Amino acid sequence: MKIDIEDALATLEDMRHEDSDEGVANALFKVAVAYLERGRIAQADEALDEAYYLCKKLDNHTGRAQICLRWSEVALAKGEAGLAEQHLVEALAVFEAQDDQTGVVGALERLGRVYASVQRDEDACRHFDRALSICEQGGDQVGQLLFLQYTAPLMRRRGLLQEAARYYAGMGDLARAKGDQMREALAWVGMGTCRAEAGDISGGAANLQKARDIFRSLGQLNRAEQVQAEIARFESTDQ
């Protein structure tokens with residue numbers, strides 16, 4: 001549910017009357033989020049700018065990091081990926097200094113997505129890999145699945161087909177363990193496509209057949225037909 005912007009603005013005015021820098025900073029952050037939710041980017045930017053100044057004044061590093069995360073959203077909405085990167089790098093540094101692993105993973109994910117959006121695939125993979133490692137160490141299978149899913153297609157886009165197939169395989173293993181058949185099927189598609197493109201047509205086709213069969217079992221007949229068409233295409237090139 002969206003933040004009630006009138007309530008947020010009223011709280012901000014109350015905090016200004018109380019002359020509470022901390023209260024004003026917190027209220028400004030809430031106002032900024034409310035503006036972001038409504039696509040009012042310039043107003044969100046202005047509120048975050050003042051909140052950031054107050055957090056710096058108060059040496060509130062946690063607040064500063066949270067502002068930077070939201071500020072990166074503002075920058076992206078304005079088409080300024082470089083500025084978004086700066087905000088996220090600052091947030092990441094705070095989370096690292098505080099040994100906040102959840103914050104670190106979140107900042108790494110956002111940075112990776114920014115890099116992927118501007119075709120900086122190597123940088124994106126590096127950040128996703130670091131987040132994946134943290135999730136592995138913490139036993140976070142949901143996080144592992146997410147970062148494997150992010151990284152595999154980027155590896156493929158970089159032409160690193162064997163590495164991409166390995167990430168897809170890891171994604172498939174986790175999805176299967178969690179009973180997520182849709183993600184398992186998508187992993188078989190990715191792995192099969194990578195293997196076939198690398199020259200292992202029979203191995204790739206076998207992987208794609210597993211994806212096709214899962215899609216059929218799920219009633220995803222259009223997807224199954226698309227995979228069958230891919231199998232036929234690869235097999236025709238092998239003749």
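Sequence order as written defines the numbering, with residues in each chain counted from 1. It should be noted that, the model being predicted, local features are given only for residues of pLDDT at least 70 and side-chain atom pairs only at 80 or more, the latter also being counted only at that level, while totals for whole chains, interfaces and linings use all residues. Only hydrogens and water are removed before side-chain values are computed, so all heavy atoms of the structure are retained for them.

### What about the packing of helix α4 (residues 61-77) against helix α5 (residues 81-97)?
Logical step 1: Helix axes use the C-alpha atoms of the stretch in contact, all axes being lines fitted to C-alpha atoms, and the angles between their N-to-C directions lie in the range 0 to 180 degrees. The way it works is that DSSP assigns letters per residue, a run of H or I at least four long becomes a helix, a run of E at least two long becomes a strand, and they are numbered from the N terminus. Where α4 contacts α5, the two axes come as close as 8 Å, and the packing angle between them is 160 degrees. With respect to each other, α4 and α5 are oriented roughly antiparallel. Regarding α4 and α5, the two cross each other, and that crossing is left-handed. Two secondary-structure elements touch here, α4 through H61, T62, R64, A65, Q66, C68, L69, W71, S72, A75 and L76 and α5 through A81, L83, A84, H87, L88, E90, A91, V94 and F95. Angles are sorted into four bins: roughly parallel if under 35 degrees, roughly antiparallel if over 145, roughly perpendicular if 65 to 115, and oblique for all others. Whether a crossing is left-handed or right-handed is set by the direction in which the near helix is turned from the far one by less than a right angle, anticlockwise for left-handed and clockwise for right-handed. Residue contacts are counted whenever heavy atoms from the two residues lie within 4.5 Å of one another.

### What about helix α7 (residues 121-138)?
Logical step 1: Relative to the 26 Å expected for 18 residues at 1.5 Å per residue, α7 spans 25 Å between its end C-alpha atoms, a close match to the ideal helical length.
Logical step 2: Remark: exposure states derive from per-residue accessible area (1.4 Å probe, protein chains only) relative to the maximum for the residue type, with buried under 20%, exposed over 50%, and partly exposed in between. Of all the positions in α7, only D121, D123, A124, C125, H127, F128, A131, L132, I134 and C135 are classed as buried.
Logical step 3: Tucked inside the fold, the buried residues of α7 contact α6 (101-117), α8 (141-157) and α9 (161-177). To estimate how far a helix should reach, multiply one less than its number of residues by 1.5 Å.

### What about the packing of helix α10 (residues 181-197) against helix α11 (residues 201-217)?
Logical step 1: Taken N-terminus to C-terminus, the directions of α10 and α11 make an angle of 160 degrees; their axes are 7 Å apart at the nearest point. In terms of orientation, α10 and α11 fall into the roughly antiparallel class. In the crossing of α10 with α11, the sense of the turn from one axis to the other is left-handed. Together, Q181, M182, E184, A185, L186, W188, V189, M191, G192, T193, R195 and A196 of α10 and I201, G203, G204, N207, L208, K210, A211, I214, F215 and S217 of α11 make up the contact between the two elements.
Logical step 2: Following the grouping adopted for this structure description, the nonpolar residues are Ala, Val, Leu, Ile, Met, Phe, Trp, Tyr, Cys and Pro, the charged ones are Asp, Glu, Lys and Arg, and the polar ones are all others, Gly among them. For the contact of α10 with α11, a count of residues per class yields 12 nonpolar, seven polar and three charged.

### Details of the nonpolar core
Logical step 1: Each nonpolar core is a collection of buried residues, namely Ala, Val, Leu, Ile, Met, Phe, Trp, Tyr and Cys, held together in the definition by side-chain atoms within 4.5 Å. Core analysis: the largest hydrophobic core is formed by 81 residues, its most contacted members being L28, I67, V74, F95 and F147.
Logical step 2: Considering every element that reaches this core, the biggest residue donor is helix α2 (residues 21-37), with 10 residues.
Logical step 3: Apart from the residues within four sequence positions on either side, I67 is in contact with F29, L48, A51, Y52 and C55.

### So, the packing of aromatic side chains
Logical step 1: Side-chain rings of Phe, Tyr and Trp, where Trp is taken by its six-membered ring, are said to pair if the distance between their centres is within 6.5 Å; with planes under 30 degrees apart they count as stacked, over 60 as edge-to-face, and otherwise as tilted. In total, this model carries four aromatic pairs according to the counting rule given.
Logical step 2: Ring geometry for Y52 against W71: centres 5.2 Å apart, planes inclined by 45 degrees, an arrangement best described as tilted. Taken as a pair, Y52 in helix α3 (residues 41-58) and W71 in helix α4 lie far apart in primary sequence, 19 residues in all.
Logical step 3: Here the aromatic rings of F128 and F147 are separated by 6.0 Å at their centres, their planes lie at 40 degrees, and the arrangement is tilted. One end of the pair, F128, is in helix α7; the other, F147, is in helix α8, with 19 residues separating them in the sequence.
Logical step 4: Relative accessible area serves as the criterion here: at 2%, F128 is assigned to the buried category.
Logical step 5: A network of ring pairs unites the aromatic residues F128, F147 and Y150 as a single cluster.

### A closer look at the confidence of the model for the chain
Logical step 1: When the pLDDT values of the chain are averaged, the result is 95; 99% of them are 70 or greater.
Logical step 2: The secondary structure element of the chain with the lowest average pLDDT is helix α12 (residues 221-237), at 91, and the one with the highest is α5, at 98. Known as pLDDT, the predictor's per-residue confidence is scaled from 0 to 100.

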